[in-house]
Amino acid sequence: MDMDYERKLVLKYPELCKGYNNKNFELYYGFECSNGWFMLLNDMLLELNNTNNKNIEILSIKEKGGKLVININNENEIVKDIINKYILKSITVCEYCGKNGNIRKIRGYQKTLCSNCMKIFERKIFN
Ligand SMILES: [Zn+2]
């Protein structure tokens, strides 16, 4: 994710994103997904923030096989439910532009994209 987007989320949710400024956390190396998931992550962080659980810390945010993968410290059932909801949602949101998307498979890649972004992705792969 572009740094501008990452920083917006980190500034909005500093407690959850403490790891962004700590070399011992994978999150230090950034949010490993594309900009289309900005709102998805924003909504997820907002919900996690609203649980008022001061102990939870995001360890890493990634995309794998077209799905959001979140690693988190001190998760409980409520936190797990919130995260699972957004993991399921991630396979319906284009990772590049944020519009509606589906899981698409191409040359061993699996990505959640809309049809337009799929064309861009195909061009990138076949060139
Ligand atoms: Zn798209």
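Residues numbered from 1 in each chain as written. Predicted model: local features only at pLDDT ≥ 70, side-chain atom pairs only at ≥ 80, totals over all residues.

With the exception of glycine, most residues fall at negative phi, and the peptide bonds are largely trans. Residues other than glycine seldom take positive phi values, yet Asn74 does so here, at roughly 55 degrees. Looking at the secondary structure, you find Asn74 in the loop between strand S2 (67-73) and helix H3 (77-90). Looking at Asn74, the number of C-beta atoms within 10 Å reads 10, which means it is exposed. (Helix = DSSP H or I, 4+ residues; strand = E, 2+ residues; numbered from the N terminus. Buried ≥ 20, exposed ≤ 12 C-beta atoms within 10 Å, placed from the backbone.)

Our focus in this paragraph is the pairing of strand S1 (residues 57-64). Sheet topology note: the S1/S2 ladder contains 7 bridges and is antiparallel. Across the sheet, residue Lys64 finds its bridge partner in S2, namely Lys67. Connecting the antiparallel pair S1 and S2 is a turn made up of 2 residues, with Gly65 showing a positive phi of about 60 degrees. (Pairing = 2+ DSSP bridges.)

Bringing the packing of helix H2 (residues 38-50) against H3 into the picture now. Remark: H2 packs on H3, axes separated minimally by 10 Å, with the N-to-C direction vectors making an angle of 170 degrees. Relative to H3, the element H2 lies roughly antiparallel. Contact residues: H2 offers Leu40, Met44, Glu47 and Leu48, while H3 offers Val79, Ile82, Tyr86, Lys89 and Ser90. In the contact of H2 with H3, the residues fall into 6 nonpolar, 1 polar and 2 charged. (Axes fitted to C-alpha atoms, helices over the stretch in contact; angles between N-to-C directions. Parallel < 35°, antiparallel > 145°, perpendicular 65-115°, else oblique. Contact = placed C-beta atoms within 7 Å. Nonpolar A, V, L, I, M, F, W, Y, C, P; charged D, E, K, R; others polar.)

Structurally, the position occupied by Tyr20 is in the loop between helix H1 (3-12) and H2. Sequence separation between Tyr20 and Ile125 is 105 residues, and the spatial gap between their C-alpha atoms is 31 Å. Ignoring anything within four residues of it in the chain, the contact list for Tyr20 reads Val10, Leu27 and Tyr28.

With that settled, the discussion passes to the nonpolar core. It is characteristic of soluble globular proteins that their nonpolar side chains tend to be buried jointly. Residues Cys17, Leu41 and Ile61 are the most contacted members of the largest nonpolar core, which totals 27 residues. Of all elements in the fold, only H1, H2, S1, S2 and H3 reach the threshold of two or more residues within this core. Per element, the largest residue contribution to this core is 5 residues, and it comes from H2. Cys17 has contacts with Leu9, Val10, Leu27 and Ile58, leaving out every residue within four places of it along the chain. (Core = buried A, V, L, I, M, F, W, Y, C linked by C-beta atoms within 7 Å.)

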